[in-house]
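Notes for the structure review
If you want the building blocks of each chain, they are given just below.
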Amino acid sequence: MADSAGAKNDNSIMESPPVSPLSGREKPPESPGSRSRYQVSAPGHSFRKVTLTKPTFCHNCSDFIWGLNGFVCEVCNFMCHEKCLKMVRTVCSCMAPTQVRVPVAHCFGPAGQKKRFCCVCRKHLEGNTAVRCEVCELHAHYDCATFSCGDCRLCHQDGSQDFDTFPHHWREGNIPSGARCEVCRRTCSSSDVLAGMRCQWCGITTHAACYLIVPPECGLGRLRNMLLHPACVRICSRNFSKMHCYRISESYQNELDNLEDADRPTKESQLATTPDSGKQVLKVFDGDDAVKRSHFRLVSIPRITKNVEVVESALRAFYIPDDPLEYELKDNGQQSLVDDDILNHNGTPDKAIFKENVPEAWLLRAKPQETEVLSIYAGWLKVIVAYISISKNSTVDSVIKEVLTQLGKQNEDPSSFNLVEVYMGSKQVQRRVLTGQELLLDKLQEIRKISLRQMNQTQIVQVNLLLEGLPVQLSKEEYADLLQEHLAIKSHLVTITHVYGNQGAVVLQISCFSEAERIYMLAKDTSVSNQQLTSLVLPEIMHNKLPKGDSPLLVFVNPKSGELKGRELLYGFRKLLNPHQVFDMTNGGPLSGLHTFRAVPRFRVLVCGGDGTVGWVLGVLEAIRHKLVCLEPPVGIVPLGTGNDLARILRWGAGYSGEDPHHILVSVDEAEEVQIDRWTILLDAQEITDDGKENGFLEPPKIVQMNNYFGLGIDAEVSLDFHHARQEEPGKFNSRFHNKGVYLKAGLQKLSHTRNLHKDLKLQVDKQDIELPSIEGLIFLNIPSWGSGADLWGSEGDSRYGKPRIDDGMLEVVGVTGVVHMGQVQSGMRSGIRLAQGNYVRITATKPIPVQVDGEPWIQAPGHIIISAAGPKVRMLRKYKHK
């Protein structure tokens, strides 16, 4: 692939095809094993007629194949009717790299539980050895994922080229049931085979034979106003995998490693064949790199087989669409089989050079060629424009001159152009500029020796890193000294652009890829003041390119919430939106997302988690609000916690029950904005004497923010017991039903408990002393929902107090007499004891007491507690009330 040489010629960029710039060869004569195959217009397929022994469906029209005969591709297992044979438009898996115009690597993670089909071999995904791309709809067996090409969604600009038009990104199969074709309006989905096409951006679906009729430019569909357009995002991703760029948790990679360990015994067991079977299984490697990594394919062949047929089977196993006469098999001793040799595992000699045993492992090698043909295309045209024949003496400079002649640009300066080699792997896309005097034929043979599959897939720096986990409240100079001490940063390459002292975080701008990679990897293994550092690669949003009127959605997901349904939501939102606008809360928290969106003039926030997760996001938002262009972004909620009281009063429901992520996003787009009060709680721990006098500080003052409610006494004590139980066995607390059961158990254990809270507290509301009755718990309400939806204040009218609202600037003070009273409130039989209503509260505690703020409990030392308004109200999104 060719690139322009920097500033020499900005308007002329030459790029190689998505396949290797060194792999495009003229179509050789048909091999002896393929002359009887049926030819179709779609490239790469090798169809043959088969007799059907079980119910089978056509991959082209998804209808049932009646009769006993069908046609199957021997490479990718595409099955179709005889009548559909001439209408096949789906490209074979072996030719998929030739269709890619902008190579983008995939981000593989463990697959979900739904029924899916492999996008490489087209077979049903069974068992636990399946993976899926976290960004697009590509599903595959773990063993097949290696053979998928880098055709993921293009979600950002990498700084080298800008794309004016935005085409559809089609993916075959695994589309929702009942989906209809955009062209003919007939059903195009199938639960029986890999059929139908779906755009990964706008979501339109078509038949495989109809999608070519759809206009190429994508309109981004129903969610376009909340989607972060890829043309507005820039990230220099060289040396960083897409897992790093999209901040996908490294725990996914650990699960993939476990899949590899589970898959290896299965492959080894397939090697064991009985002497009576008519087949033998060979272990075939496609190069030296595969031998080192022990990555092989199993090839099943008859016991008596000509070598050319074995080579053809091996090429199909590696999805290489070349002539088998140009390749050879070698054993570990590098001894070759010639074309007339016959592999015979029965021990009878028949011109076989291995008379006793066929070697267990084979290497697939390409035979040396005198000439090759390169397919080269210009980056500014995005299509193949030249086929160049090369020989032993062909250099990069001579190829560039010949290409310019074919393009009619022979007057252009050849030194203004570069030829770029691109390896388009499934997990990483690598580019390398070839030097002018480099011999291309030697380079071609070198790549083939390393890996034939790699050969078949080969086609001003500014990196922003967020470092978290540093000590808080330091100056910019102090953070620089700290990083110099622990990470040995190079000051002429690294600049601290943003400091977040309250969060102990800094943003680094690095002008060297190798230095960025070194800091990124070193920070993950570095601790400062016994605190582990976290490093994240951040994209840059070019806010001046955002379409006018758009309000992109910033999504935060806690994947550990909601019976682990948060992980499926995380995958669903990454697939529907730009993954650069979806952030995993367990990987860096909310600061990374808010910093990325700091210059966006208008945006909304969606938080997927419990009340604690919502409070975390609102707290960080309040702390860095002054650094945002959009000072008050409205916040919506997907309830994944146990109580979800804030989500209840905003109509988002009592809990997530598996709703389609697309419907959730549509609801967020239609939601109305409301305001809600937010309160600051100052906890000033001091030793209080019996007569109420202060006798020195016990601990430094503490300030927390409150959104829902603040409780003291029995309510907080039950929450504290639940919190301790969850800390002891966190793996068991992944079910909302189980969590409520533990709450119930903790409450029953307090039935006989007596605290006499009214004797240990003094309460002032709006500077008026409030006499406390005999109560066990005191609760301050900001919203009319407490303890998983209970109405603690009650709905009865009272002339002493106004009707509570979430934006009235008032707190409701309520007392409960014990666990039985709390149970009656939650069952709707009774309400709490109304004590007061006001906007300034002062509490004096003479003894240590359990407290909880929005479900987060602890033991508070004696002292003063002051509750006051926390400045501006928070803008929230309330779900539209449909009829």
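Below you will find a few notes about this structure. (Residues numbered from 1 in each chain as written. Predicted model: local features only at pLDDT ≥ 70, side-chain atom pairs only at ≥ 80, totals over all residues. Heavy atoms only, no water.)

1. Some words on the sheet that holds strand β11 (residues 205-206)
As summarised here, the arrangement of the three strands in space is β9-β10-β11, forming an open sheet in which the pairing is antiparallel. Whereas interior strands pair on both sides, the edge strands pair on one side only; in this sheet they are β9 (170-172) and β11. Two strands pair when backbone bridges link them, and β9 and strand β10 (residues 197-199) are joined in this way by three bridges, in the antiparallel orientation. Residue pairing in the sheet places Trp170 in a bridge with Cys199 of β10. (Pairing = 2+ DSSP bridges. Helix = DSSP H or I, 4+ residues; strand = E, 2+ residues; numbered from the N terminus.)

2. So, the pairing of strand β30 (residues 553-557)
The buried fraction of β30 amounts to five of the five residues, a majority that puts the element mostly inside the structure. Neither face of β30 is exposed, since Leu553, Val555 and Val557 on one face and Leu554 and Phe556 on the opposite face are all buried. In the sheet, β30 pairs with strand β32 (residues 604-609) via five bridges, with the strands oriented parallel. Across the sheet, residue Leu554 finds its bridge partner in β32, namely Val605. Sheet topology places β30 next to strand β31 (residues 582-584); three bridges connect them, and they run parallel. Within the sheet, the bridge partner assigned to Phe556 lies in β31 and is Phe583. (Buried < 20%, exposed > 50% of the residue type's maximum accessible area, 1.4 Å probe, protein only.)

3. Describing a negative patch on the surface
Together, Glu477, Glu478, Asp481 and Glu485 line one region of the surface with negative charge. Its place among the elements puts Asp481 in helix α9 (residues 476-487). (Patch = residues over 30% accessible without salt bridge, like charges linked within 9 Å, V, L, I, M, F, W, Y side chains within 5 Å. Areas by Shrake-Rupley, 256 points an atom, 1.4 Å probe, with all protein chains shown as cover. Salt bridge = Lys/Arg side-chain N within 4 Å of Asp/Glu carboxyl O. Lys, Arg positive; Asp, Glu negative; His and termini not counted. Charge placed at Lys NZ, Arg CZ, Asp CG, Glu CD.)

4. Observations concerning the pairing of strand β18 (residues 361-366)
Along β18, five of the six residues are buried, which leaves the element largely enclosed by surrounding structure. Bridge count for strand β13 (residues 279-285) against β18 is three bridges, and the pairing is parallel. When the sheet's bridge partners are listed, Val284 is paired in β18 with Trp362. Strand direction decides the pairing type here: strand β16 (residues 327-331) and β18, joined by five bridges, are antiparallel. Residue pairing in the sheet places Glu328 in a bridge with Arg365 of β18.

5. A word on the environment of Lys759
Relative to the helices and strands, Lys759 resides in helix α18 (residues 757-760). The exposure class of Lys759 is exposed, given its relative accessible area of 60%. Lys759 sits 15 residues away from Ser774 along the chain, and the two C-alpha atoms are 8.4 Å apart.

6. Description of the pattern of salt bridges
Taken as a whole and assessed by the stated rule, the structure comprises 26 salt bridges. Glu137 serves as the salt-bridge partner of Arg116, at 3.6 Å between the closest nitrogen and oxygen. Residue Arg116 is found in the loop between β6 (108-110) and β7 (130-133), and its partner Glu137 is found in the loop between β7 and β8 (139-141); the two are separated by 21 residues along the sequence. For the pair Arg116 and Glu137, a shared accessibility class is recorded, and that class is buried. Taking the shortest distance from any N to any O, the salt bridge between Lys873 and Asp677 comes out at 2.6 Å. Here the residue Lys873 occupies a position in the loop between β47 (863-869) and β48 (874-878), and Asp677 occupies one in the loop between β34 (672-676) and β35 (679-688), the gap between them amounting to 196 residues.

7. A short note on unusual backbone geometry
Backbone geometry places Leu220, a non-glycine residue, at a positive phi of 70 degrees. Relative to the elements of secondary structure, Leu220 occurs in the loop between β11 and β12 (233-234).

8. Observations regarding the state of the cysteines
For the coordinates displayed, the defined rule picks out zero disulfides. Free cysteine Cys136: the closest other cysteine sulfur is in Cys133, separated by 3.6 Å. Here Cys152 is not disulfide-linked; the sulfur of Cys133 is the nearest cysteine sulfur, at 3.7 Å. By relative accessible area, Cys152 is classed as buried at 2%. (Disulfide = S-S within 2.5 Å.)

9. Some words on the environment of Gln473
Secondary-structure assignment places Gln473 in the loop between β23 (463-468) and α9. Remark: the alpha-carbon pair of Gln473 and Tyr500, spanning 27 residues in sequence, is separated by 8.2 Å. Ignoring sequence-local partners within four residues, the contact set of Gln473 consists of Tyr479, Gly501 and Asn502. At 2.3 Å, the side chain of Gln473 and the side chain of Asn502 are in polar contact. (Contact = heavy atoms within 4.5 Å. Polar contact = N/O pair within 3.5 Å; in protein donor to acceptor, adjacent residues only side chain to side chain.)

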